[in-house]
Amino acid sequence: MAKKPKASTTPAASGAAAVSAAQPAKAAAAASATTSGSPFAQLLASYTKNTPQLLRMIDVYLACVMLSGIIQFAYVVLVGTFPYNSFLSGFIASVGSFVLAANLRMQLNPKNDFHGLSPEA
C-alpha cells in the first residue's frame, strides 16, 4: 500500500480548508432548494426577487382590503342582513378601494407603459 501525503495539521490551515469547502456546498444546496422546491416556494422567490418594494406594499394593501370584503360578506351570509345598508356601504367601500389600488398598481408598474400620463412615483 502506498502512503498518502500528509496534509497540514495546523489548526488555521485545516479550519480554512473546511470553511472554503463548506461554502460551495451551501451555495449548491441553496440553488437546488430553489429549483427543486415546491411551486409555491418558487413563485414566492420569483415574486420577491422581481417585484419592486412599492408594488409589494400595494399588494399587501390589496390583500387586506380583499380580506375585509370577504369577512363582511361572510358575516352577512352567516349572521343575516339586518343592517343591510351598513353591509352595502362597507362592502362597496372595500370593492372601490380594491379597484382604485389595483389601478394605481398598474400605473406604478415599470413594465406597463401608459402614454400621456405623468409619473407620480
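A brief look at the structure comes next. Residue positions within a chain follow its written sequence, with the count starting from 1. In keeping with the model being predicted, local features are shown solely for residues with a pLDDT of at least 70 and side-chain atom pairs are shown and tallied solely at 80 or more, while totals for entire chains, interfaces and linings include all residues. The side-chain values count all of the structure's non-hydrogen atoms but skip hydrogen atoms and water molecules.

**Let's talk about the overall build of the protein chain**
When helices and strands are tallied, the protein chain shows four helices and zero strands. Counting from the N terminus, the helices are the DSSP runs of H or I reaching at least four residues and the strands are the DSSP runs of E reaching at least two. Its helices and strands in sequence order give the protein chain the pattern α-α-α-α, from N to C terminus. Partitioning the intrachain contacts of the protein chain with sequence separation of at least 6 by distance along the chain shows that 54% fall at a separation of at least 24. On the protein chain, roughly 9700 Å² of surface is accessible, and the fraction owed to carbon and sulfur atoms is 70%. Working rule for contacts: check all heavy atoms of both residues, and any pair within 4.5 Å makes them a contact. To measure how exposed things are, a 1.4 Å probe is used in the Shrake-Rupley method; for residues, cover is taken only from the protein chains shown.

**Notes on the side chain of Ser94**
Mapped onto the fold, Ser94 is located in helix α4 (residues 84-108). Residue Ser94 is classed as buried on the basis of its relative accessible area, which comes to 10%. Once residues within four sequence positions are removed from consideration, Ser94 is found in contact with Val65, Ser68, Gly69 and Gln72. Relative accessible area decides the class of each residue, using a 1.4 Å probe on protein chains only: under 20% of the type maximum gives buried, over 50% gives exposed, and in between gives partly exposed.

**Focus on the packing of helix α3 (residues 53-79) against α4**
Relative placement of two packed helices is described by the angle separating their axes and the distance separating the axes. Two numbers describe how α3 lies on α4: the axes approach to 9 Å, and their chain directions differ by 160 degrees. When the interaxial angle is binned, α3 and α4 end up roughly antiparallel. When you trace α3 past α4, the crossing you get is left-handed. Split into classes, the residues belonging to the contact of α3 with α4 amount to 16 nonpolar, six polar and two charged. Between the N-to-C directions of two axes lies an angle of 0 to 180 degrees, each axis being a line fitted to C-alpha atoms and, for a helix, fitted only over the stretch in contact. In this scheme, roughly parallel covers angles under 35 degrees and roughly antiparallel covers those over 145, while 65 to 115 is roughly perpendicular and the rest are oblique. Take the far helix as your reference; a near helix turned counterclockwise from it by less than a right angle gives a left-handed crossing, and one turned clockwise gives a right-handed crossing. Residues are grouped as follows: nonpolar covers Ala, Val, Leu, Ile, Met, Phe, Trp, Tyr, Cys and Pro; charged covers Asp, Glu, Lys and Arg; every other residue, Gly included, is treated as polar.

**Description of a nonpolar patch on the surface**
A cluster of nonpolar side chains, Met66, Ile70, Val95, Phe98 and Val99, forms an exposed patch at the surface whose accessible area comes to about 420 Å². By residue number, the principal contributor to the nonpolar patch is α4, which donates three residues. Looking at the secondary structure, you find Val95 in helix α4. Residues forming no salt bridge and having over 30% relative accessible area are the ones grouped into patches, like charges within 9 Å of each other and nonpolar side chains (Val, Leu, Ile, Met, Phe, Trp, Tyr) within 5 Å. In what follows, salt bridge is the name for a side-chain nitrogen of Lys or Arg lying within 4 Å of a carboxyl oxygen of Asp or Glu.

**Some details on the pattern of salt bridges**
Scanning all chains against the criterion turns up one salt bridge. The partner of Asp59 in a salt bridge is Arg105, with the nearest N and O atoms 2.4 Å apart. Of the two residues, Asp59 sits in helix α3 while Arg105 sits in helix α4, which places them 46 residues apart along the sequence.

Distances and angles like these do not, on their own, reveal function.
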